[in-house]
Amino acid sequence: MGRWNGTVAAVAGAVVVGLLAGCAGEGEPKERVTSEAALPTTDPPVAPEPSPSPDAPESGAPTPTTLEPPPATTPPPTPVMEVAQPEVPPEAQTNDAEGALAFTQYAVEMMGYSYAMGEVEHFLGISHPDCDSCNLQMEQVQVWTDDGFVLLEGSFPIETVYQVRVADTGVDYLVDLRLAHTNLLFYAEEYLEGADYQHVEEWQPQDLTYVVQFLEPGMWQVLGIYAFDPATGTNP
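Basis of the calculations
- Residues numbered from 1 in each chain as written.
- Predicted model: local features only at pLDDT ≥ 70, side-chain atom pairs only at ≥ 80, totals over all residues.
- Heavy atoms only, no water.
- Helix = DSSP H or I, 4+ residues; strand = E, 2+ residues; numbered from the N terminus.
- Buried < 20%, exposed > 50% of the residue type's maximum accessible area, 1.4 Å probe, protein only.
- Contact = heavy atoms within 4.5 Å.
- Areas by Shrake-Rupley, 256 points an atom, 1.4 Å probe, with all protein chains shown as cover.
- Core = buried A, V, L, I, M, F, W, Y, C linked by side-chain atoms within 4.5 Å.
- Salt bridge = Lys/Arg side-chain N within 4 Å of Asp/Glu carboxyl O.
- Pairing = 2+ DSSP bridges.
- Axes fitted to C-alpha atoms, helices over the stretch in contact; angles between N-to-C directions.
- Disulfide = S-S within 2.5 Å.
- Polar contact = N/O pair within 3.5 Å; in protein donor to acceptor, adjacent residues only side chain to side chain.
- Phe/Tyr/Trp six-rings, centres within 6.5 Å; stacked < 30°, edge-to-face > 60°.
- Expected span 1.5 Å × (residues − 1).

Caption draft 1: The overall build of the protein chain, seen in detail. Across its full length, the protein chain holds 3 helices and 8 strands. Starting at the N terminus, the α and β elements of the protein chain follow one another as β-α-α-α-β-β-β-β-β-β-β. A total of 236 residues make up the protein chain; the buried ones form 33% of that total. Considering only contacts in the protein chain between residues 6 or more positions apart, those separated by 24 or more positions represent 65%. Surface summary for the protein chain: the accessible area is close to 14,100 Å², and the carbon and sulfur share equals 54%.

Next up, the structure:
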């Protein structure tokens, strides 16, 4: 996955807009106008000039106008997306196919947590330093985070688990699975010269193999993530 075209790659998206109305202001208050009572005169009585109403402007003064509210803006959504940090399931305590599958499901959830929270340390902590695919995924998370994007909606649901195999090493496990189609909804408050920006990144279904290794009860690590061909049951 590279960065989006022109700024973002094609994988997931953003949404949710809240409008913040500005306060309407009034023009400067005008001086209140009063009139003197008509003075007595020996001439034929003349009706006094009517007193202007308290809200009337002075003669020759411009008519006050109400200011239009400022253009609506889009504040950052609050909260963005509350995602609980995944916990290692009890089934991952054992060094067997069941434990390998449970850990892999946990690792996929942790990847979703990384995208949602813009946090990479936890996923990197359960992956081998030489796992290139793991590092690339977290680099993408870091790129979006540095550019001000936050995830509003989305996850990485496992649609199918094809099989759990024992690697040729006799030690590692290969978990073949399909990640379902998903949309990741991203939002950036300030982007493209300060303009609010929303982005939908779409991920097509992916057939993958997670290679995982048991370290000690409850502790595994991801050694690699590879493309999987369900028709042949192999990694092309």
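Caption draft 2: Seen up close, the nonpolar core. The biggest cluster of nonpolar side chains holds 38 residues, and the ones touching the most others in it are Phe 103, Tyr 115, Tyr 210, Val 212, Trp 220 and Val 222. For this core, the secondary structure elements donating two or more residues are α1 (97-117), α3 (132-146), β2 (149-153), β4 (173-179), β5 (182-191), β7 (206-216) and β8 (219-227). Residues in contact with Tyr 210, not counting those within four places in the same chain, are Thr 104, Ala 107, Val 108, Met 111, Tyr 173, Leu 174, Val 175, Leu 177, Val 222, Gly 224 and Ile 225.

Caption draft 3: Quick peek at the pattern of salt bridges. Taken as a whole, this structure holds 3 salt bridges when the rule is applied. Here Arg 178 makes a salt bridge to Glu 159, at a shortest N to O gap of 3.9 Å. Taken as a pair, Arg 178 in strand β4 and Glu 159 in strand β3 (residues 158-166) lie far apart in primary sequence, 19 residues in all. Residue classification places Glu 159 among the partly exposed residues on the basis of a relative accessible area of 46%. Its salt-bridge partner being Asp 176, residue Arg 165 comes within 2.8 Å of it at the nearest N-O pair.

Caption draft 4: Expanded view of the sheet that holds β7. Strand order in the open sheet made by the 4 strands is β3-β4-β7-β8, with antiparallel pairing throughout. A single partner strand is all that each edge strand has here, and the edge strands are β3 and β8. Along the sheet, successive strands turn relative to each other by an average axial angle of 25 degrees, direction set aside. Pairing between β3 and β4: 7 bridges, direction antiparallel. Paired with Ile 158 across the two strands is Leu 179, which belongs to β4.

Caption draft 5: Looking closely at the state of the cysteines. Scanning the model with the defined rule gives 1 disulfide in all. Disulfide pairing places Cys 131 opposite Cys 134 at an S-S distance of 2.2 Å. Measuring the twist about the S-S bond at about 65 degrees, one finds the Cys 131-Cys 134 disulfide to be right-handed. Overall, the relative accessible area of 1% leaves Cys 131 in the buried class. For Cys 134, a relative accessible area of 0% gives the class buried.

Caption draft 6: Highlighting the pairing of β7. Bridge count between β4 and β7: 7 bridges; the pairing is antiparallel. In the strand pairing of β7, Arg 178 is matched with Asp 207. Relative to β8, β7 runs antiparallel, the two sharing 8 bridges. Its bridge partner lying in β8, Thr 209 is registered against Tyr 226. Counting the residues in the hairpin turn of β7 and β8 gives 2 residues, including Gly 218, whose phi is positive at 85 degrees.

Caption draft 7: Representation of the side chain of Thr 182. Following the sequence through the fold, Thr 182 ends up in strand β5. The exposure class of Thr 182 is buried, given its relative accessible area of 8%. At 3.0 Å, the side chain of Thr 182 and the backbone oxygen of Ser 155 are in polar contact.

Caption draft 8: Representation of the packing of aromatic side chains within the structure. Enumeration according to the criterion identifies 9 aromatic pairs in this entry. Arranged with centres 4.9 Å apart and planes meeting at 75 degrees, the rings of Phe 156 and Trp 203 form a pair that is edge-to-face. Residue Phe 156 is found in the loop between β2 and β3, and its partner Trp 203 is found in strand β6 (residues 195-203); the two are separated by 47 residues along the sequence. Just as Phe 156 is buried, Trp 203 falls in that class too.

Caption draft 9: Representation of α1 within the structure. Compared with an ideal rise of 1.5 Å per residue, which puts 21 residues at 30 Å, α1 spans 30 Å between its outermost C-alpha atoms and is within 8% of the ideal. Counting buried residues in α1 gives 15 out of 21 residues, a clear majority hidden from the surface. Positioned one or two residues after α1, Gly 118 has a phi angle of 65 degrees, which is positive.

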